[in-house]
Amino acid sequence: MLSNGKVMRYNDPRRFGAWLWCPPGASHELLANCGPEPLTEEFCADWMLERAKNKRVAVKTFIMNNANVVGVGNIYACESLFSAGIHPTTPAYKVTLTQWQRLVAEIKRVLAQAIAQGGTTLKDFSQSDGKPGYFAQELQVYGRANQPCQQCTEPIEQMKIGQRNTFFCSHCQQ
């Protein structure tokens, strides 16, 4: 209970979050090496191109790494890569500046749209007000294995990348 009589509760059904305490004005050591927030100007194609130099890891894994950009989860990585037309297994160092420009723009667009729609409700997740997130209705590839691509009608494929299910269209994503 807080000094004003209110109770603050933390509900993290997927167990991805954490409470980190530090003195006012200080930064927690676990956050010291994080990349930029994706909806800021600091997150840009030039930043990603520089970070990706000599990185042979798949671009999907690269954009999900918090050292490069924070907050791009599995669903949003799949959707952003699809919208940008980039195959998720492409080595990060092979992504061109033009492709990074498209991908950064798509990450920002997809995240902003997901936030505006209350997130993506899968299974038993709900927002703090108990309502589901409606972005799941906008998903182009995630969770749609073997269904026709909404752009070209080829079947959506699925594979594991970095122990995460990855959904993509091999025709639309080169």
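Predicted model, so just to flag it, every value in this text is computed and none were measured.

S.K.: So what exactly am I meant to see when it comes to the overall build of the protein chain here?
M.R.: Scanning the protein chain for helices and strands turns up four helices and two strands. From first element to last, N terminus to C terminus, the protein chain shows the α and β order α-α-α-α-β-β. A buried classification covers 36% of the 174 residues belonging to the protein chain. Within the protein chain, residue pairs in contact and separated by at least 24 positions form 56% of the contacts whose partners lie at least 6 positions apart. When the accessible area of the protein chain is evaluated, it comes to approximately 11,000 Å², of which 51% is carbon and sulfur surface.

S.K.: Can you help me understand the confidence of the model for the protein chain in this one?
M.R.: Residues shown with low pLDDT carry predicted positions that ought not to be read at fine detail. Model confidence for the protein chain is summarised by a mean pLDDT of 88, while 88% of its residues fall at 70 or above. Scored below 50 in pLDDT, residues 123-127 shows six contacts in the model against residues more than four places distant or in partner chains.

S.K.: Would you take a moment to explain unusual backbone geometry for this structure?
M.R.: As a rule of thumb, non-glycine residues mostly have phi less than zero, and peptide bonds are mostly trans rather than cis. One non-glycine residue, Asn-54, adopts positive backbone phi at about 65°. A positive phi angle, close to 75°, is found at Thr-153, a residue other than glycine.

S.K.: Which parts of the structure should I look at to understand the nonpolar core?
M.R.: Note on soluble globular proteins: their nonpolar side chains tend to be buried together. Formed by 35 residues in total, the largest nonpolar core has its most connected members in Met-48, Val-59, Ile-63, Trp-100 and Leu-103. Counting residues per element, the ones that place at least two in this core are helix 1 (45-52), helix 2 (59-63), helix 3 (74-84) and helix 4 (97-116). Aside from chain neighbours lying at most four places away, what touches Met-48 is Phe-43, Phe-62, Ile-63, Asn-68, Val-69, Trp-100 and Val-104.

S.K.: Hey, could you run me through the pattern of salt bridges in this one?
M.R.: If the charged atoms of two oppositely charged side chains come close together, the side chains can form a pair. One pass over the structure, following the stated rule, counts two salt bridges. Note that Lys-53 and Glu-50 form a salt bridge whose closest N and O atoms lie 3.2 Å from each other. Salt-bridge contacts for Arg-109 lead to Glu-106; the nearest nitrogen and oxygen are separated by 2.7 Å. With Arg-109 and Glu-106 both in helix 4 and three residues apart, the pair spans about one turn of that helix. Under the relative-accessibility criterion, Glu-106 is labelled buried at 17%.

S.K.: I would appreciate a short explanation of the packing of helix 1 against helix 4 in the present structure.
M.R.: For any two helices packed against each other, one specifies the crossing angle of their axes together with the interaxial distance. Axis separation between helix 1 and helix 4 bottoms out at 8 Å; the angle between their running directions is 125°. It follows from the interaxial angle that helix 1 and helix 4 lie oblique. Judged by the sense of rotation from one axis to the other, the crossing of helix 1 with helix 4 is right-handed. Residues Ala-45, Asp-46, Met-48, Leu-49 and Ala-52 of helix 1 pack against Leu-97, Trp-100, Gln-101 and Val-104 of helix 4. Per-class residue counts for the contact of helix 1 with helix 4 are seven nonpolar, one polar and one charged.

S.K.: Would you mind going over the environment of Thr-61 with me for this structure?
M.R.: By the element assignment, Thr-61 lies in helix 2. The spatial distance from the C-alpha of Thr-61 to the C-alpha of Gln-163 is 9.8 Å, given a sequence separation of 102 residues.

Thresholds, definitions, all that
- Residues numbered from 1 in each chain as written.
- Predicted model: local features only at pLDDT ≥ 70, side-chain atom pairs only at ≥ 80, totals over all residues.
- Heavy atoms only, no water.
- Helix = DSSP H or I, 4+ residues; strand = E, 2+ residues; numbered from the N terminus.
- Buried < 20%, exposed > 50% of the residue type's maximum accessible area, 1.4 Å probe, protein only.
- Contact = heavy atoms within 4.5 Å.
- Areas by Shrake-Rupley, 256 points an atom, 1.4 Å probe, with all protein chains shown as cover.
- pLDDT = per-residue confidence, 0-100.
- Core = buried A, V, L, I, M, F, W, Y, C linked by side-chain atoms within 4.5 Å.
- Salt bridge = Lys/Arg side-chain N within 4 Å of Asp/Glu carboxyl O.
- Axes fitted to C-alpha atoms, helices over the stretch in contact; angles between N-to-C directions.
- Parallel < 35°, antiparallel > 145°, perpendicular 65-115°, else oblique.
- Left-handed = near helix turned anticlockwise from the far one by under 90°.
- Nonpolar A, V, L, I, M, F, W, Y, C, P; charged D, E, K, R; others polar.

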